[in-house]
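# Descriptive analysis of the structure
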Amino acid sequence: MARLHVVTGKGGTGKTTVAAAMALALAEQGKRILLVEVEGRQGLAQLFDVPPLPYVERRIAHGPGGGEVFALAVDAEAALLEYLDMYYHLGRAGKALEKVGAIDFVTTIAPGLRDVLLTGKVYEATRRKVQGKLAYDAVVVDAPPTGRIAPFLNVNTEVAGLAKVGPIRNQADAIMGMLRSDITRIHLVTLLEEMPVQETLDAVGQLEALDLRIGSIVVNMVRNSPLDDEALALAVKEKLPTADLTRGLKAAGLTIGDDLVETLASEAHDHAIRVGLERENRDRIDALGKQVNELTLQPDGIDQGTLLDLAEEFRA
């Protein structure tokens, strides 16, 4: 059973919201879920309306099934200090390096090191045990966007190629072993639009080429059309019966005028074209043969209540 869920998606697709909803959905009765942010944007804090998250795991929500959701914003510099202390016992020396700016300097000139540290912290949290039991039943990662997800997850393969032996090579191999194992699944968030769908298709190919396992494609912000297929076909051809539009406007209690009828017909035409494009993009997603989950558009924005609603959609 998967215990590490990595959520990625093109910017603007609602990746962070989906990761949060997934964590809430997994927080069933008695379960402890860790929701991890790795980009330093404090998106989770804003989403859950809590103060900025420190480099400390803290509870931020209860799931609809009675479990708990903890959150952690992974900071590369803090992770490096933790790594130095854990493996090389450089507690005070590490703090001294931080004071002179050496930690920030190292992680800046070697950007790949940041990804090593971030994935390393995820690895540690996923495997950590307390009194013989796993600290968390599942870990959900709000990961980098699809354009960067493959190199982010594969960074330890590159490290293993550089470090032929020793503890760094051993840890890199262990992290990649976990990412490629049955416990890890990568979920890609998309909208039914050309660019997000194309990035999703590209990312699936890249990830599978690295032997990483796709969990699901999450189609976010799904809108259901109020028109049936026959009406959509007529709207595309701009042949919706004027009499039907007039009756609908009257039923809505609106003052009828030729301009209003024409405006409504034009909007119906644009709507039908958009629905057709969305269906074409959905066909492209379905052709991947992956599990597809849909989440309904929340027109009033995202708050605690709508997050729970989205979590229930995941649970269903």
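Since this is a predicted model, take the numbers as computed values, not measurements.

Looking only at helices and strands, one finds 13 helices and 10 strands in the chain. Scored against the burial criterion, the 316 residues of the chain give a buried share of 44%. Within the chain, contacts between residues at least 6 apart in sequence are counted, and of these 71% link residues at least 24 apart. Just so you have it, the chain exposes about 16,100 Å², and 54% of that area is on carbon and sulfur atoms.

Attention shifts here to the nonpolar core. Leu153 and Leu207 are the most contacted members of the largest nonpolar core, which has 40 residues in total. Setting aside residues up to four positions removed in sequence, Leu207 forms contacts with Ile149, Ala150, Leu153, Ile186, Leu188, Leu212 and Ile214. Of all hydrophobic cores here, the second largest spans 31 residues; its members include Ala23, Ala27, Ala45 and Leu310.

Phi at Asp49 is positive, roughly 55 degrees, even though this residue is not glycine. Relative to the helices and strands, Asp49 is located in the loop between helix H2 (43-48) and strand E3 (58-62). For Asp49, a relative accessible area of 69% corresponds to the exposed category. Unusually for a residue other than glycine, Gln131 sits at a positive phi of about 55 degrees. Structurally, Gln131 can be placed in the loop between strand E5 (129-130) and strand E6 (133-134). The class of Gln131 is exposed, set by a relative accessible area of 81%.

Across the interface, helix H1 (residues 15-26) lies against helix H13 (residues 304-315) with an axial gap of 8 Å and an inter-helix angle of 65 degrees. Judged by the angle between their axes, H1 and H13 are roughly perpendicular. Relative to H13, the crossing made by H1 is right-handed. Every residue of H13 that contacts H1 at Thr17, Val18, Ala20, Ala21, Met22, Leu24 and Ala25 is listed here: Leu307, Leu308, Leu310, Ala311, Phe314 and Arg315.

How each quantity is defined
Residues numbered from 1 in each chain as written. Predicted model: local features only at pLDDT ≥ 70, side-chain atom pairs only at ≥ 80, totals over all residues. Heavy atoms only, no water. Helix = DSSP H or I, 4+ residues; strand = E, 2+ residues; numbered from the N terminus. Buried < 20%, exposed > 50% of the residue type's maximum accessible area, 1.4 Å probe, protein only. Contact = heavy atoms within 4.5 Å. Areas by Shrake-Rupley, 256 points an atom, 1.4 Å probe, with all protein chains shown as cover. Core = buried A, V, L, I, M, F, W, Y, C linked by side-chain atoms within 4.5 Å. Axes fitted to C-alpha atoms, helices over the stretch in contact; angles between N-to-C directions. Parallel < 35°, antiparallel > 145°, perpendicular 65-115°, else oblique. Left-handed = near helix turned anticlockwise from the far one by under 90°.

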